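# Breakdown of the fold
Chain by chain, the residues run as shown.
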Amino acid sequence: MKYKLEVGVLLDKQDDQFEAYNMVYDHEYGYYDEDVTRNMTLKNAIAEAKDYVLAGNNDTYGIVTDGDSYDASDVVFSAMKRDGVLIENFVKTI
């Protein structure tokens, strides 16, 4: 099975671009994507998501989905950085 990795920056509800970027996943954040990689193995996608988030600033995220989906129910792994700490599986699945 192949997975999609999306990485980027989370926008909060006060951001003026929030509504343009919160149409995917759980709609809790605006997901400003900086890069999308398709056809990855699960192991590689999770490793790259963690590496990207750890190297980034606060509110950096990485989301791995089954296939090319943007639906919360297809999220198999998510990570974000908050206060310098990696938080795994922050996307609320429906």
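Quick summary incoming for the structure in this document. Model, not experiment: these values are computed from the prediction.

The next thing to look at is the side chain of Lys-4. Within the secondary structure, Lys-4 is located in strand S1 (residues 3-11). Buried charged residue Lys-4 carries no salt bridge. Nearest counter-charge: Glu-6, at 4.2 Å. For Lys-4, the side chain forms a polar contact with the main-chain oxygen of Ser-69, separated by 2.8 Å.

Right, let's talk about the packing of aromatic side chains for a bit. A complete count under the given rule lists six aromatic pairs for this structure. Ring centres of Tyr-29 and Phe-90 lie 5.8 Å apart, and the angle between their planes is 75 degrees; this geometry places the pair in the edge-to-face category. In this pair, Tyr-29 sits in the loop between helix H1 (18-21) and strand S2 (30-40) while Phe-90 sits in the segment after strand S5 (85-88), placing the two residues 61 residues apart along the sequence. Owing to a relative accessible area of 12%, Phe-90 belongs among the buried residues under this scheme. An aromatic cluster is defined as three or more aromatic residues linked by ring pairs; in this entry it consists of Tyr-25, Tyr-29, Tyr-31, Tyr-61, Tyr-70 and Phe-90. Looking at Lys-4, its charged tip hangs above the ring of Tyr-70, at a distance of 3.1 Å from the centre.

Next up on the list: the sheet that holds strand S4 (residues 75-82). Note: strands within a sheet are paired through backbone hydrogen bonds, in either parallel or antiparallel orientation. One open sheet accounts for five strands, arranged S2-S1-S3-S4-S5; its pairing is antiparallel. Looking at strand neighbours, the two that pair on one side only are S2 and S5, the edges of this open sheet. The sheet shows a mean angle of 15 degrees between the axes of neighbouring strands, taken without regard to direction. One ladder, built from four bridges, connects S4 with S5; its direction is antiparallel. By the bridge assignment for S5, Ala-79 is matched with Glu-88.

Note on placement: Tyr-3 falls in strand S1. Take Tyr-3: its relative accessible area is 13%, and that puts it in the buried class. Residues Tyr-3 and Asn-44, 41 residues apart in the sequence, show an inter-C-alpha distance of 9.3 Å. Setting aside residues up to four positions removed in sequence, Tyr-3 forms contacts with Thr-37, Arg-38, Asn-39, Met-40, Thr-41, Leu-42, Val-64, Thr-65, Asp-66, Gly-67 and Val-76.

Our next topic: the pattern of salt bridges. Between side chains of opposite charge, pairing is possible as soon as their charged atoms come close. Counted by the stated rule, this structure contains three salt bridges. With a shortest N-O distance of 2.6 Å, Arg-38 and Asp-68 are connected by a salt bridge. Taken together, the positions of Arg-38 in strand S2 and Asp-68 in the loop between strand S3 (60-66) and S4 put the pair 30 residues apart, joining distant regions of the chain. Of the residues examined, Arg-38 reaches a relative accessible area of 42% and is grouped as partly exposed. By relative accessible area, Asp-68 is classed as partly exposed at 46%. Linking Arg-82 and Asp-59 is a salt bridge whose minimum nitrogen-to-oxygen distance equals 2.7 Å. Of this pair, Arg-82 sits in strand S4 while Asp-59 sits in the loop between helix H2 (42-55) and S3; the two residues are 23 residues apart in sequence, bridging distant segments of the chain.

Cut-offs and rules
- Residues numbered from 1 in each chain as written.
- Predicted model: local features only at pLDDT ≥ 70, side-chain atom pairs only at ≥ 80, totals over all residues.
- Heavy atoms only, no water.
- Helix = DSSP H or I, 4+ residues; strand = E, 2+ residues; numbered from the N terminus.
- Buried < 20%, exposed > 50% of the residue type's maximum accessible area, 1.4 Å probe, protein only.
- Lys, Arg positive; Asp, Glu negative; His and termini not counted.
- Salt bridge = Lys/Arg side-chain N within 4 Å of Asp/Glu carboxyl O.
- Polar contact = N/O pair within 3.5 Å; in protein donor to acceptor, adjacent residues only side chain to side chain.
- Phe/Tyr/Trp six-rings, centres within 6.5 Å; stacked < 30°, edge-to-face > 60°.
- Lys NZ or Arg CZ within 6 Å of the ring centre and 35° of its normal.
- Pairing = 2+ DSSP bridges.
- Axes fitted to C-alpha atoms, helices over the stretch in contact; angles between N-to-C directions.
- Contact = heavy atoms within 4.5 Å.

Keep in mind these numbers describe shape, not what the thing actually does.
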